[in-house]
Amino acid sequence: MNQRHKLLSRSWFSWLSWGLTSLCLFLSIELRSNEFASTPKLIQPDAELFNLWEQIYNEPGQILQKIRNQLAPLKPGVDDERIAFLKAIGSEAASFAEKNEESMALAKEAEEISARLKLYWPWIHAVSTLGIDYEFAGEDKLANEHYLRAIALAEQTKDPELLAYALNNMGYYYARNKSTKNAIETIARAFHALENLPKELLYHDALNNLAIVYTRNEFVGKMDEGKKLLLESFNYFKQRKMRYMTGNNYINLGLFYKNRAENSIAVDTFLEAIRYARENQIDDLLPYYLTHLADLYNSNKLYAKSLEASREAIQLFRQNKNLTMLGNSLVTSAQSLLQLNRPNEALEAIGERRSMIKSSIEMNDDEMLAEVEILAYQKVGDVPNELASYRRWGEILRRIYNKKNIEKAQQVAGLLELERKDAENKLLEEKNRTNAVQLAEAERTRHILVGLLASFGLLLGFMVIALRQSREIRLQRNRMQEVLDNIEEGILRFGKDHLVHADYSAHLLQILGVNGDISGQDLFQLLLDDSDLSQDEIEVIRNSLQSIFDEHELSWSLNSGQLPAELHRRERILNLLWQPHYNAHGRIDKLLLVVRDITSSKILQAEIEASRRHSETMTQHLQQMLKANPRSLESFMLDLRSSLPSLGEQLNQPASQASAIRVLHTIKGNARSLGLRDLAEAAHFVESAHSSQFSGKELDRLHLVAQDYLELFHTIFSDKARGVTSLLNIVDDVSPSIFEQLEQGHVAFGSIAVKDEVGRWPASILPDLRLLIMHALSNAADHGYVFPLRRGESLPPAAFRIDAERLNFGFRICIRDQGGGLRWDKLQELAKERGFVPTHNRPLSDVLFQDGVSTSERLTLSSGRGIGLAAIQEVCQKRGGEATLLDNDEGRGTLLLIEWPEKDLALATSA
């Protein structure tokens, strides 16, 4: 009986074990079948179609014609599957051959058929090609949507080649749009999809795209690696005689050497590319090579060769109807023609380029076109158009400065974010692997427990598995520690006692600048005691941590804001990331702290900000200089360059101080009349400080501001404004500053009349003549109208008259105003103070020609120092003449009489 019961018991256990095993097997098969059913049906192209697709990288034009021929006899509804494949391949071929309209039409038809029949291969290829077509049509939003949709479709198929294909196209899109971080990440995903497949066409296409990102973005810091990748993909395409891709890689290699300033290698590369294109009849790429070669010849001053190459490129681009590259080649040929002294032909090329421009934005963004226009109009003597081109160029430079700074900042921020994500991904991958092992072990344990119900004999197996699980967990912990030892971030954990746990990263020691084992050390002593935080701030952090531990998520949300995100410690700037760890009861029992050294990135951000501010200042200076008269600007800059170096030494020597103050006053007046506000203010500060408390810092500021203007002038305006002008030009040049004086003094403007009987004035006289007119009109405006109006006198609108005439002894300039006139009582007081005695030759008003004498009762930016009239007298005496200040002989106001001897008249007549 007992034996029978034993047999029945064993039988029951056997049936139970068999039933459980069958159930597990059934569930496993069911899950696999569900997984299989969820995968879309994937029909690959046959060998003939796949060969057609690969040949696109060789001869896209020929493949497109073959597709047309094969589509002709096919019938819709009957041959829809083959039509979908052919049109998807044809759309890519048309896109490679730069036939965007045909490409878009074929892709849309292929997409419609493929979506209806669920043919994923042509569907994904068609959608991705539509992204390329929309991108080159300027529809970036639609392009981005189609690239993302192609990736989503490829992920549904779980086919690595289709996913790599869609990701590679998206990565190249990001590269073309200078989204460096996204480009690197997306192409890396493509490589990950291909990692278990042979390194064929798609792999080397992705390799080529990654090389382009590295070689065209210096912030990545992988230029040499990019060159290596570029050569690897180049050799692959060349060995397999894929002529189109080989041709494209010639351009990439040539541009790499050009950007590295290795011009001779770049020239040889493009010459080899031209030979390759002619031998293999790659007519659509040949003009690109010619254009790049023409640019290099221009850089090497081989202008005749450059013109020959660019003209052939122009002819080919006209045939291909490629208007964008045709415009670039026209500008290149115009550059060569200018250097060959053929400005009229250069203007013809520029005119043709302008006729192709459809919008003002495109015109105003063409920096090279504006620069070539300036030189062309200068050579033919067309001053109005030259000035217009200068102004357009200034606006372009301002946008380019801002755009470059923004792009640099975005690229640096993107790369920093990429490095941060890489580190986080490494930790996440290791964590996922650990979790996967733990989940697998938990699943095994569940099966073992079920098995125990069937047979106690499985107990031994369970013990073996448990031991294996323990060993693997130890291995995972060792791997995690290995990651912590190699990751370039500081990572630690601590609990309620604030003591550092044993599992911290090795890089943490380097960041904190400590040696030895730090496990068990107090976090506050280790990290915060050497920081810039006060004891009160450290106590706030300590209290916040006490409120967080052993509490739920709400406490973390309320108190985590008190934990510092950035810390200054031992001349380093550290970024701190705090993350809570919850126990099984949902309470916080540990905190993870990630420490990053961001000192270099902060310094880089500060440098970028300083560069941006300097760029804005230089742009303002450039705009001011563009508004000035070019000839007057050149004259002023030459005087500034010669007088500025010795100004400081003269100001510190009593014997030369008066002369130096006159020079300083002249610099201020000229800068104001030309609209150079920053320079005028800097000179005014030196004047004010020298009369009260002079420290020398004001002069240093003047030198810095002047140097900025001089550098801009040397770079952009030098040798652009030489020639002869007239008295009317000079008055027109200085009058804006006079209008500004009157407006600030609330004086209405009446008129400025000029009568010039001298006519042509040679360049040797112009600087002194301009100085006289500027100081005379400035004094007449302030002393004749602004100051009398403040004293309550009733005056008509400000009116000035300037007469220049030839006389027997030389020539005379009379400058009259109808203002308040000379205050003779005030002049008698000044003469008595100065000990000045008038004679029959020199009137009482001559006291105003002495240094530091002024009737002004207040100091302004333009008057009050007694320098302007002294400067006029100094110039007259230097030329052997004299200046006299009298009452206006024609009525109310004053008359400034300037007479120069016959030698200057002879100069003017001979000119």
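Cut-offs applied
- Residues numbered from 1 in each chain as written.
- Predicted model: local features only at pLDDT ≥ 70, side-chain atom pairs only at ≥ 80, totals over all residues.
- Heavy atoms only, no water.
- Helix = DSSP H or I, 4+ residues; strand = E, 2+ residues; numbered from the N terminus.
- Buried < 20%, exposed > 50% of the residue type's maximum accessible area, 1.4 Å probe, protein only.
- Contact = heavy atoms within 4.5 Å.
- Areas by Shrake-Rupley, 256 points an atom, 1.4 Å probe, with all protein chains shown as cover.
- Phe/Tyr/Trp six-rings, centres within 6.5 Å; stacked < 30°, edge-to-face > 60°.
- Lys NZ or Arg CZ within 6 Å of the ring centre and 35° of its normal.
- Salt bridge = Lys/Arg side-chain N within 4 Å of Asp/Glu carboxyl O.
- Arc of directions from axis to C-beta.
- Polar contact = N/O pair within 3.5 Å; in protein donor to acceptor, adjacent residues only side chain to side chain.
- Core = buried A, V, L, I, M, F, W, Y, C linked by side-chain atoms within 4.5 Å.
- Axes fitted to C-alpha atoms, helices over the stretch in contact; angles between N-to-C directions.
- Parallel < 35°, antiparallel > 145°, perpendicular 65-115°, else oblique.
- Left-handed = near helix turned anticlockwise from the far one by under 90°.
- Pairing = 2+ DSSP bridges.
- Nonpolar A, V, L, I, M, F, W, Y, C, P; charged D, E, K, R; others polar.
- pLDDT = per-residue confidence, 0-100.

Engineer: Before we go on, may I ask you to explain the overall build of the protein chain in this structure?
Structural biologist: Broken down by element type, the protein chain carries 36 helices and nine strands. Looking at the protein chain as a whole, 47% of its 911 residues are labelled buried. Contacts in the protein chain between residues at least 24 apart in sequence constitute 63% of all its contacts with a sequence separation of at least 6. Total accessible area computed for the protein chain in this model is approximately 46,500 Å², and 52% of it derives from carbon and sulfur atoms.

Engineer: I keep staring at the side chain of Ser555 and nothing clicks. Help me out?
Structural biologist: Within the secondary structure, Ser555 sits in helix 25 (residues 553-559). Ignoring any residue separated from it by four or fewer positions in sequence, one finds Ser555 in contact with Ser547 and Ile548.

Engineer: Please clarify how the packing of aromatic side chains should be interpreted in this entry.
Structural biologist: For any pair of aromatic rings, geometry is given as the distance between the ring centres together with the angle between the planes. In this structure the tally under the stated criterion is 20 aromatic pairs. Summarising the aromatic geometry, the rings of Tyr147 and Tyr173 are spaced 4.9 Å apart at their centres and angled 40 degrees between planes, so their arrangement reads as tilted. Linking Tyr147 in helix 7 (residues 140-157) with Tyr173 in helix 8 (residues 160-176), this pair joins segments that are 26 residues apart in sequence. For Tyr147, a relative accessible area of 0% corresponds to the buried category. Consider the rings of Phe234 and Tyr250, whose centres lie 5.1 Å apart with planes at 75 degrees: the pair is edge-to-face. Residue Phe234 is found in helix 11 (residues 223-239), and its partner Tyr250 is found in helix 12 (residues 243-259); the two are separated by 16 residues along the sequence. For the pair Phe234 and Tyr250, one class covers both residues: buried. Connected via pairs of aromatic rings, a cluster forms that spans Phe50, Trp53, Tyr57, Phe85, Phe96, Trp121 and Tyr165. Lying over the aromatic face of Phe524, Arg542 brings its terminal NZ or CZ to 4.0 Å of the ring centre. Seen from the ring of Trp900, Arg879 lies directly overhead, with NZ or CZ sitting 5.3 Å from the centre.

Engineer: Whenever I open this one, the pattern of salt bridges confuses me. Can you help?
Structural biologist: Any two side chains of opposite charge can pair, on the condition that their charged atoms come close. Tallied over the full model, the rule gives 39 salt bridges. Note that Glu890 is salt-bridged to Arg816, the shortest N-O span being 3.9 Å. Highlighted residues: Glu890 in the loop between strand 8 (882-887) and strand 9 (894-901) and Arg816 in strand 7 (residues 810-817), separated in sequence by 74 residues. Here Glu890 falls in the partly exposed class, since its relative accessible area comes to 48%. With relative accessibility at 10%, the residue Arg816 sits in the buried group. Notably, a salt bridge pairs Asp846 with Arg842, separated by 2.2 Å at the nearest N-O pair. The exposure class assigned to Asp846 is buried, which follows from its relative accessible area of 9%. Counted as one network, the salt bridges with shared partners bring together Arg801, Asp803, Arg816, Asp889 and Glu890.

Engineer: Help me out: how do you make sense of unusual backbone geometry in this one?
Structural biologist: A negative phi holds for most residues other than glycine; trans holds for most peptide bonds. Even without glycine at this site, Lys301 takes up a positive phi of about 65 degrees. Position of Lys301 among the secondary structure elements: in the loop between helix 14 (286-299) and helix 15 (303-320). Relative accessible area serves as the criterion here: at 62%, Lys301 is assigned to the exposed category. In the Ramachandran plot, Asp550 falls in the positive-phi region, its phi being about 65 degrees despite a non-glycine side chain. Among the secondary structure elements, Asp550 is positioned in the loop between helix 24 (535-548) and helix 25. Overall, the relative accessible area of 36% leaves Asp550 in the partly exposed class.

Engineer: Teacher, can you tell me more about helix 2 (residues 47-55) here?
Structural biologist: Every α-helical turn comprises 3.6 residues, leaving residues that sit three or four positions apart pointing alike. Inspection of helix 2 places Leu49, Leu52 and Trp53 among the buried residues, and these make up the whole buried set. End-on, the buried residues of helix 2 take up no more than an arc of 100 degrees, which puts them together on one face. Residues of helix 2 that are buried make contact with helix 3 (60-71), helix 4 (80-96), helix 6 (120-136), helix 8 and helix 10 (201-215). Where helix 2 begins, the side chain of Asp46 points an oxygen toward the backbone nitrogen of Glu48, at a separation of 3.2 Å.

Engineer: I tried to follow the nonpolar core on my own but got confused; where do I start?
Structural biologist: Soluble globular proteins tend to bury their nonpolar side chains together. Counting 116 residues, the largest nonpolar core has Trp53, Ile56, Tyr57, Ile89, Ile124 and Tyr289 as the members making the most contacts within it. Ignoring any residue separated from it by four or fewer positions in sequence, one finds Ile124 in contact with Ala150, Leu153, Ala154, Thr157, Leu162, Tyr165 and Ala166. Leu727, Ile773, Phe800 and Ile802 belong to the second-largest nonpolar core, a separate cluster that totals 51 residues.

Engineer: What is the right way to look at the packing of helix 4 against helix 6 in this model?
Structural biologist: The axes of two packed helices give the description: the angle between them and the distance between them. Between helix 4 and helix 6, the least distance of the axes is 9 Å, while the angle of their chain directions is 25 degrees. Relative to helix 6, helix 4 is oriented roughly parallel. Crossing hand, helix 4 versus helix 6: left-handed. Contacts from Ala84, Phe85, Ala88, Ile89, Ser91, Glu92 and Ser95 of helix 4 reach helix 6 at Trp121, Pro122, His125, Ala126, Thr129, Ile132 and Asp133.

Engineer: Could you clarify how one ought to interpret helix 34 (residues 824-834) in this entry?
Structural biologist: For helix 34, the full list of buried residues reads Leu827, Leu830 and Ala831. Down the axis of helix 34, the sector holding all buried residues measures 100 degrees, keeping them to one side. Within helix 34, the exposed residues directed more than 90 degrees away from the buried face are Asp825, Gln828, Lys832 and Glu833. Once helix 34 finishes, Gly835 follows within two positions and takes phi at roughly 70 degrees, a positive value.

Engineer: What am I meant to see in the sheet that holds strand 7 here?
Structural biologist: Within a sheet, neighbouring strands are paired by backbone hydrogen bonds and run either parallel or antiparallel to one another. Ordered by their spatial adjacency, five strands build an open sheet running 5-6-7-9-8, and the pairing between neighbours is mixed. Only two strands of the sheet have a single neighbouring strand rather than two, namely strand 5 (749-756) and strand 8. Between one strand axis and the next, the sheet turns by 10 degrees as a mean value, whatever way the strands run. Sheet topology note: the strand 7/strand 9 ladder contains seven bridges and is antiparallel. Residue Phe811 lies in a different strand from strand 9, and its bridge partner there is Trp900. In the packing of helix 32 (residues 727-744) onto the sheet, the strands contacted are strand 5 and strand 6 (798-806), and the crossing angle to strand 5 comes to about 160 degrees.

Engineer: Hey, could you run me through the pairing of strand 9 in this one?
Structural biologist: Regular strands show a simple pattern: their side chains alternate between the two faces of the sheet. Summarising burial for strand 9: seven of the eight residues are buried, a large majority. Following strand 8, the chain reverses through six residues before pairing antiparallel with strand 9; Gly891 in that reversal takes a positive phi of roughly 140 degrees.

Engineer: Is there a simple way to think about the sheet that holds strand 4 (residues 588-597) in this case?
Structural biologist: Here four strands make up an open sheet; going across it, the order is 1-4-3-2 and the pairing antiparallel. Single-partner strands in this sheet number two, and they are strand 1 (490-494) and strand 2 (566-569). Strand-to-strand twist across the sheet, computed as the mean angle between neighbouring axes with direction ignored, equals 30 degrees.

Engineer: Looking at this model, I keep getting lost on the environment of Phe685. Mind explaining?
Structural biologist: Along the chain, Phe685 falls in helix 30 (residues 677-691). The exposure class assigned to Phe685 is partly exposed, which follows from its relative accessible area of 37%. With 17 residues separating them along the chain, Phe685 and Lys668 place their C-alpha atoms 10.0 Å apart. The residues contacting Phe685, other than those within four sequence positions of it, are Glu698 and Arg701.

Engineer: What is the right way to look at the packing of helix 7 against helix 8 in this model?
Structural biologist: At a minimum axis distance of 8 Å, the contact between helix 7 and helix 8 shows a crossing angle of 155 degrees. It follows that helix 7 is roughly antiparallel to helix 8 by the angle criterion. The interaxial crossing formed by helix 7 with helix 8 has left-handed handedness. Along its contact with helix 7, which presents Asp140, Ala143, Asn144, Tyr147, Leu148, Ala150, Ile151, Ala154, Glu155 and Thr157, the element helix 8 presents Leu162, Leu163, Ala166, Leu167, Asn169, Met170, Tyr173, Tyr174 and Arg176. Considering only residue class, the contact of helix 7 with helix 8 consists of 13 nonpolar, three polar and three charged.

Engineer: Would you explain the confidence of the model for the protein chain in this entry?
Structural biologist: Close inspection of predicted coordinates is inappropriate in any region flagged by low pLDDT. Per-residue pLDDT for the protein chain has a mean of 79; in total, 81% of the residues score no lower than 70. Every residue in residues 1-13 scores below 50 in pLDDT, and together they form four contacts with partners more than four places removed in sequence or on other chains. Low pLDDT (under 50) marks residues 25-38, which in the prediction has one contact with non-local residues, meaning those over four places away or in another chain.

Engineer: How should the environment of Glu489 be read in this particular structure?
Structural biologist: Of note, Glu489 is situated in the loop between helix 21 (459-486) and strand 1. On the basis of relative accessible area, Glu489 is assigned to the buried category, the value being 6%. Side-chain polar atoms of Glu489 contact the side chain of Arg596, separated by 2.7 Å.

Engineer: What's the story with the pairing of strand 6 in this structure? I'm lost.
Structural biologist: Here strand 5 pairs with strand 6 via seven bridges, running parallel. Looking across to strand 6, one finds that Ile752 is bridged to Phe800. Judged from the seven bridges that link them, strand 6 and strand 7 form a sheet pairing that is antiparallel. Its bridge partner being in strand 7, Arg801 is matched across the sheet by Arg816. Connecting the antiparallel pair strand 6 and strand 7 is a turn made up of three residues.

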